[in-house]
Amino acid sequence: MILVTGGAGFIGANFVLDWLRDGDEPVVNADKLTYAGNAETLAPLSSDERHVFVREDICDRAAMDALFSTYKPRAVVHFAAESHVDRSIHGPGEFVQTNVVGTFTLLEAARAYWGTLSGAERDAFRFLHVSTDEVFGSLGPADAAFSEVTAYAPNSPYSASKAASDHFVRAYHHTYGLPTLTTNCSNNYGPYQFPEKLIPLTLINALAGKRLPVYGDGSNVRDWLYVGDHCAAIRTVLARGTPGETYNIGGWNEKKNIEVVRTLCALLDELRPAAGGARYESQIEFVKDRPGHDQRYAIDATKIERELGWRPAETFETGLRKTVQWYLDHAAWVQGVTSGSYRHWIEKHYAPQS
Ligand code: NAD
Ligand code: DAU
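Each chain carries its own residue numbering, running from 1 in the written order of its sequence. Key to labels: chains lettered from A, ligands numbered from 1, both in the order written. In keeping with the predicted nature of the model, local features appear solely for residues at pLDDT of at least 70, side-chain atom pairs appear and are counted solely at 80 or more, and the whole-chain, interface and lining totals rest on all residues. Processing note: side-chain calculations cover all non-hydrogen atoms of the structure and skip hydrogens and water entirely.

For the chain, an unreviewed UniProt entry supplies the name dTDP-glucose 4,6-dehydratase and the organism Paraburkholderia kururiensis. UniProt positions are given in the numbering used here, feature names are shortened, and annotations may be inferred rather than shown by experiment. As recorded by UniProt, the Sequence similarities (unreviewed entry) comment attached to the chain reads in full: "Belongs to the NAD(P)-dependent epimerase/dehydratase family. dTDP-glucose dehydratase subfamily." Taken from UniProt, the Catalytic activity (unreviewed entry) comment for the chain reads in full: "dTDP-alpha-D-glucose = dTDP-4-dehydro-6-deoxy-alpha-D-glucose + H2O".

Laid out in structure tokens, this is it:
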């Protein structure tokens, strides 16, 4: 079986659902269920014996040791993290705790367990660390895309904490020989994304008749990848990646934020026209910029294509259309995640400037 951490979050849950759709190897899914974790997303697996959900904190060493000794996973796929840049600006402490201390704790538990293995089991063990392109910092308009040898230059507390975790993973391979793999991926979008992130926030606000907040002048560029493609890339790296290596994953889809928001509005105009023929675009509002806002991310994903044969299946157009339709079809899921603490965050973060 494999051990997945953070499998009740956006990408982790998509990964677990896809994994069990495509194969029969069981998953033990360890998630603390923070505000971003959602057991509802995993409801289709509630009576599936191949899925074991455990509510645990990756910072809890005893709990992590118990998971390894009970389930004896052949691999770890580590998603658990605090993932939202804006939250890391409001409160970086939790990011250091989960992303740095948590990853370190999990590495220690994995190393101890791996040390008990021998022969083929020891050789086959993998620790796959899911990371981000944000560790590379910000690109200018003419700069080459991030490759695996781009120097780290994280700019936000979030990316600094992810960079630190990447360094620990690297060190555990280099020093102890732990068979690690690291993936650095660009911006994901798709089903089950928590609506604090740009695409689901825009969709949900648009349908509710609220303003669509675009930071600064909307010219910042992100490289968008459909979540199912990210999950396929992770499966590929887990199956065929070389221990100690890092792999960049991206969608070859660089878009300005304002272009993304306008495209979403146009899709909604088509799929769920607003009453009275109003255009969703009229709800766009340029708001105060994110402090330290990285201007441009772009991933050069040639290594994973050349060495492992992975390429995204979705284009931005097909992936975005699927995503908009998914949010339209899953009003109950949206309703479930946009209550309580979500409302509190939105009120605090988007409060009118005095
Ligand atoms: P998410 O915020 O949606 O989910 C994170 C999950 O981790 C949640 O289920 C949460 O409950 C869990 N978690 C948080 N702290 C925990 C702890 N201490 N112990 C156990 N579980 C804990 O995040 P996501 O967008 O699904 O991202 C998953 C991973 O992928 C992260 O490591 C993130 O850095 C990375 N990543 C995300 C993107 C993106 O665009 N979303 C892109 C590249 C890489
Ligand atoms: O690049 C990978 C990263 O992508 C992941 O590591 C992070 O976990 C993930 O959250 C994401 O980070 P971003 O900061 O790029 O994503 P976010 O959706 O928060 O913002 C995308 C862009 O949209 C960014 O330039 C900021 C802008 N934005 C965001 C929000 C929430 C707005 O203009 N308005 C908003 O309300």
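Draft legend 1. Representation of the site of ligand 2 within the structure. A single heavy atom is enough: if one lies within 4 Å of a molecule or strand, its residue is considered near that molecule or strand. Surveying the vicinity of ligand 2 reveals 25 residues, the closest of which are Asp 133, Tyr 158, Arg 290, His 293 and Tyr 350. Asp 133 is positioned with one of its side-chain polar atoms (N or O) 2.5 Å from an oxygen atom of ligand 2. Between an oxygen atom of ligand 2 and a side-chain N or O atom of Glu 134, the distance comes to 2.8 Å. The fraction of the free accessible surface of ligand 2 (690 Å²) that becomes covered by protein chains is 95%. Secondary structure counts use DSSP, requiring at least four H or I residues in a row for a helix and at least two E residues in a row for a strand, with both numbered from the N terminus. For the shell around ligand 2, the secondary structure elements donating two or more residues are α3 (85-90), α7 (198-207) and β8 (212-215). For the shell around ligand 2, the leading source of residues is β8, giving 3 residues. Gly is placed with the polar residues, together with every amino acid not listed as nonpolar (Ala, Val, Leu, Ile, Met, Phe, Trp, Tyr, Cys and Pro) or charged (Asp, Glu, Lys and Arg). Of the residues that constitute the shell around ligand 2, the class distribution is 10 nonpolar, 8 polar and 7 charged. Definition of a polar contact: a pair of N or O atoms within 3.5 Å, with one able to donate and the other able to accept a hydrogen when the atoms are protein atoms, and with sequence-neighbouring residues admitted only if both atoms are side-chain atoms. The Shrake-Rupley method, run with a 1.4 Å probe, gives the accessible areas here. Residue values count only the displayed protein chains as cover.

Draft legend 2. Fine view of the pattern of salt bridges. When a carboxyl oxygen of Asp or Glu lies within 4 Å of a side-chain nitrogen of Lys or Arg, that pair is called a salt bridge. Enumeration over the complete set of coordinates arrives at 22 salt bridges. Salt-bridge contacts for Glu 108 lead to Arg 111; the nearest nitrogen and oxygen are separated by 3.1 Å. Placement of the pair is Glu 108 and Arg 111 together in helix α4 (residues 93-114), with a separation of 3 residues, close to one helical turn. Burial classes follow relative accessibility: with a 1.4 Å probe on protein chains only, a residue under 20% of its type's maximum area counts as buried, one over 50% as exposed, and anything between as partly exposed. Given a relative accessible area of 28%, Arg 111 falls into the partly exposed group. Among the charged side chains, a network of salt bridges with common partners joins Asp 18, Arg 21, Asp 22 and Arg 235.

Draft legend 3. How the structure looks around unusual backbone geometry. In this structure, Tyr 192 is a non-glycine residue whose phi angle is positive, near 70°. Residue placement: Tyr 192 occurs in the loop between β7 (187-189) and α7. Here Tyr 192 falls in the buried class, since its relative accessible area comes to 17%. At Trp 252, a residue that is not glycine, the phi angle is positive and equals roughly 55°. Note on placement: Trp 252 falls in the loop between β10 (246-249) and β11 (254-256).

Draft legend 4. The arrangement of the sheet that holds β7 in detail. When DSSP finds at least two bridges between two strands, those strands are taken to pair. Strand order across the open sheet formed by 3 strands is β7-β9-β11, with mixed pairing between neighbours. The open sheet has two edge strands, β7 and β11, and neither has a second partner. Strand-to-strand, the axes of this sheet are offset by a mean angle of 50°, without reference to chain direction. Pairing geometry for β7 and strand β9 (residues 221-226), over 3 bridges, is parallel. Looking across to β9, one finds that Tyr 189 is bridged to Tyr 226. With axes taken as lines fitted to C-alpha atoms, and helix axes fitted only over the stretch in contact, angles between N-to-C directions fall between 0 and 180 degrees.

Draft legend 5. Spatial organisation of the site of ligand 1. Taken together, the neighbourhood of ligand 1 is formed by 28 residues, with Ile 11, Asp 31, Ser 83, Tyr 158 and Lys 162 sitting nearest. At 3.4 Å, a backbone N or O of Leu 33 approaches an oxygen atom of ligand 1. At 2.6 Å from an oxygen atom of ligand 1 is found a side-chain nitrogen or oxygen belonging to Lys 162. Contributions of two or more residues to the shell around ligand 1 are made by α1 (10-22), β5 (126-132), α6 (157-176) and β7. It is β5 that contributes the most residues to the shell around ligand 1, 3 residues altogether. Taken together, the residues that form the shell around ligand 1 break down as 12 nonpolar, 11 polar and 5 charged.

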